[in-house]
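These are the residues of each chain, in order.
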Amino acid sequence: MLILLAFIIVFHITSAALLFISTIDNAWWVGDNFSTDVWRMCATNTSTCTAITDQFREYQSVQAVQATMILSTVFCCVAFLVFILQLFRLKQGERFVLTSIIQLLSCLCVMIAASIYTDRHEELHKSHEYSIEVSKGRYGYSFVLAWIAFAFTLISGVMYLVLRKRK
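Here's what I pulled together on the structure shown here. What you see is a predicted model; the values in this text were computed from it and never measured. (Residues numbered from 1 in each chain as written. Predicted model: local features only at pLDDT ≥ 70, side-chain atom pairs only at ≥ 80, totals over all residues. Heavy atoms only, no water.)

When helices and strands are counted, the chain shows four helices and five strands. Expressed as lengths along the three principal axes of its C-alpha atoms, the size of the chain is roughly 60 × 25 × 20 Å. Out of the 167 residues belonging to the chain, those deemed buried represent 45%. Summarising the internal contacts of the chain: among those between residues at least 6 apart in sequence, 75% fall at separations of at least 24. Working note: accessible area of the chain is about 8900 Å², and carbon and sulfur atoms make up 67% of it. Within the chain, the 11 negative side-chain charges are centred at a point lying 21 Å from the centre of the 13 positive side-chain charges. (Helix = DSSP H or I, 4+ residues; strand = E, 2+ residues; numbered from the N terminus. Buried < 20%, exposed > 50% of the residue type's maximum accessible area, 1.4 Å probe, protein only. Contact = heavy atoms within 4.5 Å. Areas by Shrake-Rupley, 256 points an atom, 1.4 Å probe, with all protein chains shown as cover. Lys, Arg positive; Asp, Glu negative; His and termini not counted. Charge placed at Lys NZ, Arg CZ, Asp CG, Glu CD.)

Encoded structure:
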């Protein structure tokens, strides 16, 4: 039981770390001389960054991705705290339903964010407000980490739903 508990905790912390990295790091869309995310666009050859503001044509889509990624990260952290509390407060044989619900909300939020970005990436990167041409890029590792975090939060949410408290 202790090994299973350690695995669940490590799995959950890994999910949170993936969410933090994918939300914060500047690599959702990358090219040879730039990298961009949902916060800013950086030119790698001049080391200058431009914040993505309401001047950009698809700013509403970017804000939706920002909000859902932040919500996902917050839900994942809250789910971990609730799990720790439930570990000490639940009676033997009860399920971690509240933790599961919160973790599945985190999963839903990261899925919404990555889906919006996947759907709107062409329009996002055709904006003329960028200082350099960014339409000729590819998905970066932060975008991939967001999808991996989706899978991790889904698995851990289901795991919490199935898990029962034992001695």
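The rest of the description comes next.
A separate point is the pattern of salt bridges. Scanning all chains against the criterion turns up one salt bridge. Here arginine 120 ties to glutamate 58 by a salt bridge, and the two come within 2.9 Å at their closest N and O atoms. One end of the pair, arginine 120, is in helix α3 (residues 97-124); the other, glutamate 58, is in the loop between β4 (48-51) and α2 (59-89), with 62 residues separating them in the sequence. Overall, arginine 120 belongs to the partly exposed group, its relative accessible area being 26%. (Salt bridge = Lys/Arg side-chain N within 4 Å of Asp/Glu carboxyl O.)

A few words now on the state of the cysteines. Two cysteines, two sulfur atoms, one covalent bond between them: this is a disulfide. Counted by the stated rule, this structure contains one disulfide. Residue cysteine 42 pairs covalently with cysteine 49 via a disulfide, S to S 2.0 Å. Torsion about the S-S bond of the cysteine 42 and cysteine 49 cystine: about 105 degrees, corresponding to right-handed handedness. Overall, the relative accessible area of 46% leaves cysteine 49 in the partly exposed class. In this structure cysteine 76 is not part of a disulfide, and its nearest cysteine sulfur, from cysteine 77, lies 5.8 Å away. (Disulfide = S-S within 2.5 Å.)

Position of serine 35 among the secondary structure elements: in strand β2 (residues 34-36). Looking at serine 35, its side chain comes within polar contact range of the side chain of asparagine 26, at 3.1 Å. Apart from residues no more than four positions distant in its own chain, serine 35 is found in contact with Asn26, Trp29, Val30, Arg40, Met41 and Cys42. (Polar contact = N/O pair within 3.5 Å; in protein donor to acceptor, adjacent residues only side chain to side chain.)

Another point: the nonpolar core. Inside soluble globular proteins, nonpolar side chains tend to come together where they are buried. Grouped together as the largest cluster of nonpolar side chains are 26 residues, with contacts concentrated most on Leu19, Trp28, Val38, Val65, Met69, Val110 and Tyr117. Going through the elements one at a time, α1 (2-24), α2, α3 and α4 (141-162) are the ones with two or more residues in this core. Setting aside its immediate chain neighbours within four residues, valine 110 contacts Leu19, Met69, Ser72, Ala146, Ala149, Phe150 and Thr153. Counting residues in hydrophobic clusters, the runner-up holds nine residues, among them Phe11, Phe83, Phe96 and Leu163. (Core = buried A, V, L, I, M, F, W, Y, C linked by side-chain atoms within 4.5 Å.)

Our focus in this paragraph is the packing of α2 against α3. At a minimum axis separation of 8 Å, α2 and α3 run at an interaxial angle of 165 degrees. Between α2 and α3, the crossing angle belongs to the class labelled roughly antiparallel. Crossing hand, α2 versus α3: left-handed. Within the contact of α2 with α3, the residues separate by chemical class into 21 nonpolar, seven polar and one charged. (Axes fitted to C-alpha atoms, helices over the stretch in contact; angles between N-to-C directions. Parallel < 35°, antiparallel > 145°, perpendicular 65-115°, else oblique. Left-handed = near helix turned anticlockwise from the far one by under 90°. Nonpolar A, V, L, I, M, F, W, Y, C, P; charged D, E, K, R; others polar.)

A few words now on the pairing of β4. Here is the key point about a regular strand: its side chains alternate between the two faces of the sheet. Pairing of strand β3 (residues 40-43) with β4 involves four bridges; the strand directions are antiparallel. Looking at the pairing, alanine 43 lines up with threonine 48 of β4. Taking the residues that link successive antiparallel strands as the turn, the β3-β4 hairpin has four residues, and the phi of serine 47 there is positive, at about 55 degrees. (Pairing = 2+ DSSP bridges.)

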